Amino acid sequence: MTDLEIAAYLDRGLQREKLDQFEEHLSQCAECRDNLMRTQEVVGRSRRSSRFIRSGTIILAAAAVALMAVPSLRRWGASEAPVMRGDNGAAPLVAYGPLGEISTLPVRFVWASARDAMSYRITVTRDDGTEVWASSSTDTTVILPSNVSLQNGTNYLWVVDAVSSDGTTRSTGNHQFGFAR
Amino acid sequence: MGSTAPIELSRLLRADEPDREAAWEDLIGRHTRLILAVARSLGGDNDAVMERYAYVLGKLRENDFRRLRSFNDNAGATFSTWLAVAARRLCLDLHRAHFGRHRPAHATDRSTVWRAARKALSQSSETDVDTDTLPDIESSADEGVIRENRDQCLRNALKNLTPRERFLLTLRFEDELPASKIATVLGLPSPFHVYRKLNAVLASLRGELESKGIENSHG
């Protein structure tokens, strides 16, 4: 079965003849059944999560409109502790990897997205602080260019700073990785 | 069926060289969460997850986005579902490259449905046919022949079912899934629809067997 056919089955878009062939195979193949159900779980979770985020966004937007429209609500909101922005108040940015020793190239740096981030600045240094490479990106993943050579057995540090439109930053902090062939 | 290709995919596949990197980053930015979820679904620590994630991205980029170009928006699948399936297949490829292929017993087994049907008939509370406990009306020398005849009748009866009905029997009696899970797999509205279909399938099988003289041993 091709990836497209499996996806069409999960989306209920498979034509009758293909559907019969597919279910005939599934009823005899434990491996394909297992694979289908696990993929269906991931897709289902992902869709529920997207719906949750959309609903949350709508609720937050509605709350913001209500706060702007009703002065008494605005005053009530203002009486709460002020929200601190900037390096000191913001939660750290999450770094996904690489962490620890890696053995394959290219090195791909991945981190979580930060709300309001306009761009991300990544810096790779040796553990003595010497800068090896730095770059900016609007994405949450970059690949270390092939012309930047990593030395076998050397420890490196990488850090990403998310820069918001108002100039505040959030950092992943330094994360260590090493390259060993 | 309308086009289901997202605009970021069309943009990437049409992009000229200078714009291609930005289009790729846009596409991945929008689907990172899904690819990471697939990578996580195979278990392991953070490094293992990130290795799978990076492998998937590398493979999607390979040969001028060959895999992404294979997505056909008229095949009845949305891009995100296809991407989840493709990413999972790539993750499994990587896993097999590291650890070899593990094939479960009876990975592809034509007797699966027959085994499930036998179990169904022996478990069903309404069923009076128990293919394992029919009376010993013949001498033990003939038992093998009787059993063979009985199993052949069941095989023939299964041929008259639709592929979906056979799949339903397998999910319920081979995999022993709950009705709610079966409803999700088959796209049925509720577990009650599963029970209703199962009862109909079992009634059909019982009728077929009884018409061949395989009847209740207890009543």
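Before reading on, note that the structure itself is shown above.
Residues numbered from 1 in each chain as written. Chains lettered and ligands numbered in written order. Predicted model: local features only at pLDDT ≥ 70, side-chain atom pairs only at ≥ 80, totals over all residues. Heavy atoms only, no water.

Novice: Got a minute to help me understand the packing of helix α1 (residues 7-14) of chain B against helix α3 (residues 46-69) of chain B in this structure?
Specialist: The packing of two helices is summarised by the inter-axis angle and the distance between the axes. Residue and element names in this part refer to chain B. Two numbers describe how α1 lies on α3: the axes approach to 11 Å, and their chain directions differ by 145°. Once α1 is placed against α3, the crossing between them reads as left-handed. Here α1 contributes L9, L12 and L13 to the contact with α3, which in turn contributes F65, L68 and R69. Classifying every residue of the contact of α1 with α3 by side-chain character gives five nonpolar, no polar and one charged. (Axes fitted to C-alpha atoms, helices over the stretch in contact; angles between N-to-C directions. Helix = DSSP H or I, 4+ residues; strand = E, 2+ residues; numbered from the N terminus. Left-handed = near helix turned anticlockwise from the far one by under 90°. Contact = heavy atoms within 4.5 Å. Nonpolar A, V, L, I, M, F, W, Y, C, P; charged D, E, K, R; others polar.)

Novice: What should I look at first to understand the sheet that holds strand β1 (residues 95-97) of chain A in this one?
Specialist: Sheets are built from strands that pair by backbone hydrogen bonding, the pairs being arranged parallel or antiparallel. Spatial strand order, β1-β3-β6 (chain A): three strands in an open sheet with antiparallel pairing. Pairing within the sheet leaves two strands with one partner each, and these edge strands are β1 and β6 (141-143) of chain A. Between one strand axis and the next, the sheet turns by 20° as a mean value, whatever way the strands run. Across the sheet, α3 of chain B lies against β1, β3 (108-111) and β6 of chain A, angled at about 115° from β3 of chain A, the strand it touches most. (Pairing = 2+ DSSP bridges.)

Novice: Teacher, can you tell me more about the interface of chain B and chain A here?
Specialist: Interfaces are often sized by the amount of accessible area the parts lose when they come together. In this complex, chain B contributes 59 residues to the contact, which on the side of chain A involves 46 residues. Counting each side, the surface lost to burial between chain B and chain A is near 4,100 Å², with a carbon and sulfur contribution of 54%. Across the contact surface, chain B and chain A share six salt bridges. Here E24 of chain A makes a salt bridge to R166 of chain B, at a shortest N to O gap of 2.5 Å. Inspection of the chain B/chain A interface yields 15 residue pairs in polar contact (both at pLDDT 80 or more). Every element with two or more residues in the side of chain B that touches chain A is listed here: α2 (17-41), α3, α4 (79-99), α5 (112-123), α7 (163-174) and α8 (179-186) of chain B. Here the side of chain B that touches chain A is built from residues that sort into 26 nonpolar, 17 polar and 16 charged. (Buried area = accessible area lost by both parts, 1.4 Å probe. Salt bridge = Lys/Arg side-chain N within 4 Å of Asp/Glu carboxyl O. Polar contact = N/O pair within 3.5 Å; in protein donor to acceptor, adjacent residues only side chain to side chain.)

Novice: Hey, could you run me through the packing of α2 of chain B against α4 of chain B in this one?
Specialist: Residues and elements named next belong to chain B. Where α2 meets α4, the closest approach of the two axes is 9 Å, and the angle between their N-to-C directions is 50°. In terms of their interaxial angle, α2 and α4 are classed as oblique. For the pair α2 and α4, the crossing hand works out as right-handed. Here α2 contributes L27, H31, L34, I35, V38, A39 and S41 to the contact with α4, which in turn contributes F79, S80, L83, A84, A87, R88 and C91. (Parallel < 35°, antiparallel > 145°, perpendicular 65-115°, else oblique.)

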